[in-house]
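Report on the structure
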Amino acid sequence: MKTDINFTVNGEAVREAIEPRTSLADVLRDNLSLTGTHLGCEMGACGACLVLLDGAPVHACLVLAVQVAGQKIETIEGLNNSGLVADLQEQFHDRNALQCGFCTSGMLMSAHALLSQNSMPSRPEIRDALSGNYCRCTGYEAIVDAISATAERRSKIVEGVQ
Amino acid sequence: MTTSKGHIGQSHRRENALRHLAGRGRFVTDLVLPRMLHAAFVRSPMAKGKIVELDVSDAAAASGVVRVFTAETLNDMCAPWTGVLDHFAGMQSGAQNLLAEKEVLWAGHPVVMILAHSRAEAEDACELVMLDIEDEDAVVDGEAALAGGSPLAAEGLDSNLCFQTVLKTPGLDEAFSSAAHVVEGNFTFGRHTAVSLEPRAIVADFDPSTGQLNVHQGTQTPYQFQDVYSRHFGLPEGKVRVIAPDVGGSFGMKLHVYHEEMATVAASLKLGRPVRFVADRLESFLSDIHARDHRVKARMALDSNGGILAMDVDDMTQIGAFSSYPRTSVAEGNQVIRLMGAPYQMPDYRGRLSVVFQNKVQTSQYRAVGHPIACAVTEALVDLAAEELGLDPFEMRQRNLVADDAYPYVSATGYQFEKLSHQASLAKLRDLMGYDALRQEQATLRTQGIYRGIGIAPFVEITNPGATFYGVGGARISAQDGAVVRLTPAGDVYCAISVTEQGQGTETIIAQVIADQLGVTPDQVKVSTGDTDTTPSGGATWACRGAGIGGETALRAGRKLQEQILTLAAAILQTDPTLLSLANGAVVDTATQHERITLAEIGRIATYRPDTLPKGCDHSLTVAQHYAPTGYPFDFTNGIQASYVEVDIETGVTRLLKHWVVEDCGRIINPLLVDEQIRGGVVQGLGPAFFEECLYDDMGQMVNASLADYLVPMAGEMPDIEIAHIETPTLDTILGAKGVGEAGTAAAGAAAMNAVNDALRPTGARVSQTPMTPMRILTALGHL
């Protein structure tokens, strides 16, 4: 039995007919072809499927699609297009803070959420904020470096403006 | 003729990282094909038993289900595979087929395959299968498996011993009888697994109208699978295309033959439509290869000055119910016994390897095959010896590491080392980590009840494997790689190469190498990988062969094309090709560096106006090059790692404070990528040293097969990792690059174990089992 849900994804109104058991991750990936949201464990441990639900990072694998009716979802594709994380992406690129790229969408979500709340996190705070994101390739240090460098750069821009 | 244009050795960023950062990766998991079916498997719930009843009729009638396969209806599609190699004399393993027939041999063994319109429907139908298994005693423990009267892990084996071998030098007994000191230890290394973040994924797509099988697969080794699918399913090789797009981590795990992938291909051949299988995380734990699972008894003989005379090692490794295919599950133990003592001047050695079957998931090659075990055992004994002799760990290594001017050098286990830099690495590490200050800090903190430890571990890493690795044993695993390089009509450069990309930066380093040969920038070189139809055949990426063998292939291809371009340019310019060279996207006068003609102009003339060229002038502008190592059988790299830890002796919890690596991978093509390979490798070494373990109960059930229970290292637990380099290029190749992918993993755990034991030293406790969990540390301390 399928049910219709309406929600917003990356600023676009979406209407999908889905089974109630369908996860948000599956709707994003299968129905909407937004494959930047990755599935690594399907139990909320690895962080590869993080998306923003009304601005807060959530595991798309643990959220049922019917739960997001009427709400706003932002995926990596949306963040990329909006340019909101362009500086983070650049720092990740500079520092090679990704290898296979499978965790990267989730890492950017966590980093974006962290920097939205704490503009100058310490390295331990960054490592702590990434405690829901597994990476098997980088050893994490480059990711921490990239986030830290982004924070510093943003703070300099703010100082410059003032 | 060619000189470096300076891109080799530079930290170029990866262009292919941009699509991942944008969420536009192209993984097999993202692929949707018309009429594609989804597969799910019913797996054995128990470690060993006989299938007495199997009824799939309810499942076949379930909503969304298109077809249900059992061994009876699917296995005849495929020639069984057997994981043995000729050069491992006497090794045995049962033949494997798609789905379990009559008996199940590990908890997770696939028995039934269900194809449905969605994975959810396929999984629903799995619940409707009636599978009755008569439980039998499972062989769980390797030592018990070898004891008399133990049941066999599988029918048809003559014992639970898969393989046994002994390496021995003539002077071994004399070395031990004349030794001033003998130190010894028993070590246990837990099973762990790759946990690639993208699970195994495959979409097999057979088109009956053309007889073409296209397989999209998250694998490191597309050519190997082209060969496997062709031979085992009886298809002409030219009708099998394997495409490996972005691969979400592999680490050696995604080059083995698995039941599910083979069954997916079989199902697509049967149905003539695309079939997709993507493992979920539980299935990954129950079917991806595991690794390690060794028990080692070892002793070391020393003279009165602390000189190492010999090692005597007994390694028992437990590999599951079958030897994996096509590389076998013996390769790891074989490397363990051959890498023991590798960094040291050690005249004598005896190593015995016993490879044992049990009813668990297969173990096989995973990042740094065998290295961490050989390194941990060797370095633990060297530290024990230093302690007994009252020597500082650095002093102990300095006395025993092979001197940097002693090469070529042959180890007691028979490995031939071209040139390593152990002593220089040792000295560099000491400076890098500020050793003396750390020792002072450690002593000061000790008076405050804080237990910190410093551990070091030199290592030798095997890279650039030639045909002696697998080929001599009869495995159809390519020892060579191939590249096709061409100049496009617009003057751009295009390279198709057989080495593959899983995020290491293969495409980037190949572009750098070719750019230097053709006088262009790396962003003008488009590199494509991972498709057996569009790239030349080769071994691809495993055992650190991407830079050393792939890079050399690219270099030679680039030089061939350079020669063609210069010959053509000379014809056009009516001059001698030896007076010309390539730079800045053009042919230049070598003496003056003045531009004579651009590559774009060469491309234009060769493509659109060959009529203006002298008669007989070759204007193809496309070259092919294959390359296999012909010098040493393998290249070896070396390095040394250090670990600084703090152990809370009340809770047993270890905090990793800092890690250092000095590494010599020969010519460095891209320092940025090399450093990140090392850091990632270190974390894959520290994970199993402290956290990662596939835990089984007495019945052979894996009890932590989820990412909530199996501990993967997280950002908060991992230390910062400082890296320094020494460059000793191999003279076997023009490029001089060796490998670097295993280096981080090889010695991280060894350094960490030495560091933990250094921290525990005042308590008299020792840990010799990984992972070094709080429980095991507390047990060693006598608190439990």
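Every chain is numbered on its own, with residues counted from 1 as its sequence reads. Lettering of chains starts at A and numbering of ligands starts at 1, both following the order in which they are written. Local features in this predicted model are restricted to residues whose pLDDT is 70 or higher, and side-chain atom pairs enter the listing and the counts only when it is 80 or higher, whereas totals over whole chains, interfaces and linings include all residues. As a rule here, side-chain values cover all heavy atoms of the structure and leave hydrogens and water aside.

In the annotation of an unreviewed UniProt entry, the entry for chain B reads Carbon monoxide dehydrogenase, and the organism field reads Falsihalocynthiibacter arcticus.

Per an unreviewed UniProt entry, chain A carries the name (2Fe-2S)-binding protein and comes from Falsihalocynthiibacter arcticus.

What follows is about the packing of helix α10 (residues 331-339) of chain B against helix α11 (residues 371-389) of chain B. Residues and elements named next belong to chain B. Comment: axis = line fitted to C-alpha atoms, over the contacting stretch for helices; angle = value between 0 and 180 degrees taken between N-to-C directions. Secondary structure is summarised from DSSP: a helix means a run of H or I of at least four residues, a strand means a run of E of at least two, and numbering begins at the N terminus for each. Where α10 contacts α11, the axes come no closer than 8 Å and their chain directions differ by 30 degrees. One finds that α10 runs roughly parallel with respect to α11. In terms of crossing hand, the pair formed by α10 and α11 is right-handed. Only His-371, Ile-373 and Ala-374 of α11 make contact with α10, whose side of the interface consists of Glu-332, Gln-335, Val-336 and Leu-339. Oblique is the label for every angle not falling under 35 degrees (roughly parallel), over 145 degrees (roughly antiparallel), or within 65 to 115 degrees (roughly perpendicular). The hand of a helix crossing depends on one turn: near helix anticlockwise from the far one by less than a right angle means left-handed, and clockwise means right-handed. Whether two residues are in contact is decided by their heavy atoms: any pair within 4.5 Å suffices.

Turning to unusual backbone geometry, a few remarks are in order. For the bond running from Tyr325(B) to Pro326(B), omega is 0 degrees, close enough to zero to count as cis. Following Tyr407(B), the chain continues into Pro408(B) via a peptide bond in cis, with omega recorded as 0 degrees. If you trace the backbone, Pro408(B) turns up in the loop between α12 (393-400) and β16 (409-410). At Glu42(A), a position not held by glycine, the phi torsion is positive, near 60 degrees. For Asp54(A), which is not glycine, the phi torsion reads 50 degrees and is therefore positive. Structurally, Asp54(A) is set in the loop between β3 (50-53) and β4 (56-59). For Asp54(A), a relative accessible area of 47% puts it in the partly exposed group. Three exposure classes are used, based on accessible area relative to the maximum for each residue type with a 1.4 Å probe and protein chains only: buried under 20%, partly exposed in between, and exposed over 50%.

Before going further, it helps to spend a moment on the layout of surface pockets. Taken as a whole, the largest pocket encloses approximately 1300 Å³ of empty space. Along the wall of the largest pocket there are 38 residues; nearest its centre are Asp26(A), Asp30(A), Ser118(B), Arg119(B) and Ala120(B). For the lining of the largest pocket, the secondary structure elements donating two or more residues are β2 (12-18) and α1 (24-31) of chain A together with β1 (37-43), α4 (119-126) and β12 (275-278) of chain B. It is α4(B) that provides the largest number of residues to the lining of the largest pocket, a total of 5 residues. Throughout, the ten residues Ala, Val, Leu, Ile, Met, Phe, Trp, Tyr, Cys and Pro are labelled nonpolar, Asp, Glu, Lys and Arg are labelled charged, and all others, Gly among them, are labelled polar. Considering only residue class, the lining of the largest pocket consists of 13 nonpolar, 9 polar and 16 charged. Definitions used throughout: a 1 Å grid over protein atoms alone; a cavity as a set of points that fits a 1.4 Å probe which cannot get out; a pocket as an open set with protein on both sides within 12 Å along at least five of seven lines; a lining residue as one with an atom within 4 Å of a point. Grid points are joined across faces, edges and corners, and a volume is the space filled by probe spheres set on the points.

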